[in-house]
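Reading the structure
Read off the chains here:
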Amino acid sequence: MDIGGTRTRVAALEQGQIKARRSFPTQSLVELKVGLDQVLQEAGWAKPQAIGVAAAGPVDMRSGQLLNPPNLPPGMRTASVGTELQATFGCPVYVANDATTAAIGELEYGHKAQDFVYITWSTGIGGGIVCGGRVVWGATGQAGEIGHMVIRPRGPRCGCGKRGCLEALAGGAGLAKAARRRFGQAISARELVTLAQKGNPQALELVKTACQAMGQAVALLWELLEPELFVFGGGFTGSWDLLAPRVLEAARPLARGSLRLAVTPLGDDVGLLGASALWKHISPDWGALQAGRVRTPG
Ligand SMILES: [Zn+2]
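All of these numbers come straight from a predicted model, not from anything done at the bench. (Residues numbered from 1 in each chain as written. Predicted model: local features only at pLDDT ≥ 70, side-chain atom pairs only at ≥ 80, totals over all residues. Heavy atoms only, no water.)

Description of the pattern of salt bridges
All chains considered together, the criterion is met by 8 salt bridges. Between D269 and R21 there is a salt bridge whose closest N-O contact spans 2.5 Å. With a gap of 248 residues between them, D269 in the loop between β12 (261-263) and α10 (270-276) and R21 in strand β3 (residues 17-25) connect regions that are remote in the sequence. You can call R21 partly exposed: its relative accessible area is 39%. Put simply, E205 and R182 hold a salt bridge, and the shortest N to O gap is 3.6 Å. Highlighted residues: E205 in helix α8 (residues 201-225) and R182 in helix α6 (residues 172-183), separated in sequence by 23 residues. Judged by relative accessible area, E205 falls into the partly exposed class, the value being 44%. What makes R182 partly exposed here is its relative accessible area of 34%. (Salt bridge = Lys/Arg side-chain N within 4 Å of Asp/Glu carboxyl O. Helix = DSSP H or I, 4+ residues; strand = E, 2+ residues; numbered from the N terminus. Buried < 20%, exposed > 50% of the residue type's maximum accessible area, 1.4 Å probe, protein only.)

Focus on the domain arrangement of the protein chain
Taken domain by domain, the protein chain comprises domain 1 (2-100 + 269-291) and domain 2 (113-263). Here domain 1 and domain 2 have C-alpha centroids that lie 26 Å from each other. The partner domain 2 presents 15 residues to the 13 residues of domain 1 that form the contact. Of the roughly 1000 Å² buried between domain 1 and domain 2, counting both surfaces, carbon and sulfur atoms make up 60%. Among the residues of domain 1 in contact with domain 2, A99, T100 and W286 are the three that bury the most area, contributing 49% of the side total. On the surface where domain 1 and domain 2 come into contact, there are 0 salt bridges. The interface formed by domain 1 and domain 2 contains 2 residue pairs in polar contact (both at pLDDT 80 or more). Put simply, the parts of the chain that give the side of domain 1 that touches domain 2 at least two residues each are β7 (93-97), α4 (98-109) and α11 (278-281). (Domains from an automatic or database assignment. Contact = heavy atoms within 4.5 Å. Buried area = accessible area lost by both parts, 1.4 Å probe. Polar contact = N/O pair within 3.5 Å; in protein donor to acceptor, adjacent residues only side chain to side chain.)

Following this line, the structure appears as structure tokens:
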């Protein structure tokens, strides 16, 4: 399952094939369990072998508990998703941050590059790093949060409390704020991008500034990791022709090597597919802790 800020997707998957699926507004654990029951029934399964959960972070990787993610509704923020689902469905449950999980989907079912950075470019900006075919989790599972790399130290305030994070500069929410200041009225990131596509010079300038921040981040990541590919997912990929050349133009002078940008071929399913393969890629220590939090019946 993929628990997003507004919608939750649940699916029954076998070897990366979706057998049954549901999508509903994210509210509380009750709806999650109902959705899961429905897809199990439709797939004709008594119970799943395992459940993988991709959730808007941060996630405590030892317990699988959501740590008050600001982008989730109040009913989900401190939910013990892992413990609850494990007790209800009697199988191991693995929980991880949604951007890292999307990187796993991309690794298993997308371009299948072995060294790449996955970037979710949407209302917020998230990321996942894969080196030599292995997911980089970090000491506590917080690695790859590229949205919170500081690009302009005196830039706009980010939801995390810092200033000038990539997310505050190039995420949809940050872009909408900048657009409001520029146009003197509420305007969504989507509307701004549409205006830019029509050639509005003010909108184009704002989009270019966002792309410069993204380009800087991409160049920094290239110097650090030398990925063969940067794979993008999320709402902004719908305007790829407008954004990609501007990101590349900003990044190229700042990186010594050749940069390749691509859009995930998996669309909105990238998180679901990654969640279904989470059991394979979660670090063995956390996997054992998360799976062992409740004894399965029998
Ligand atoms: Zn931040």
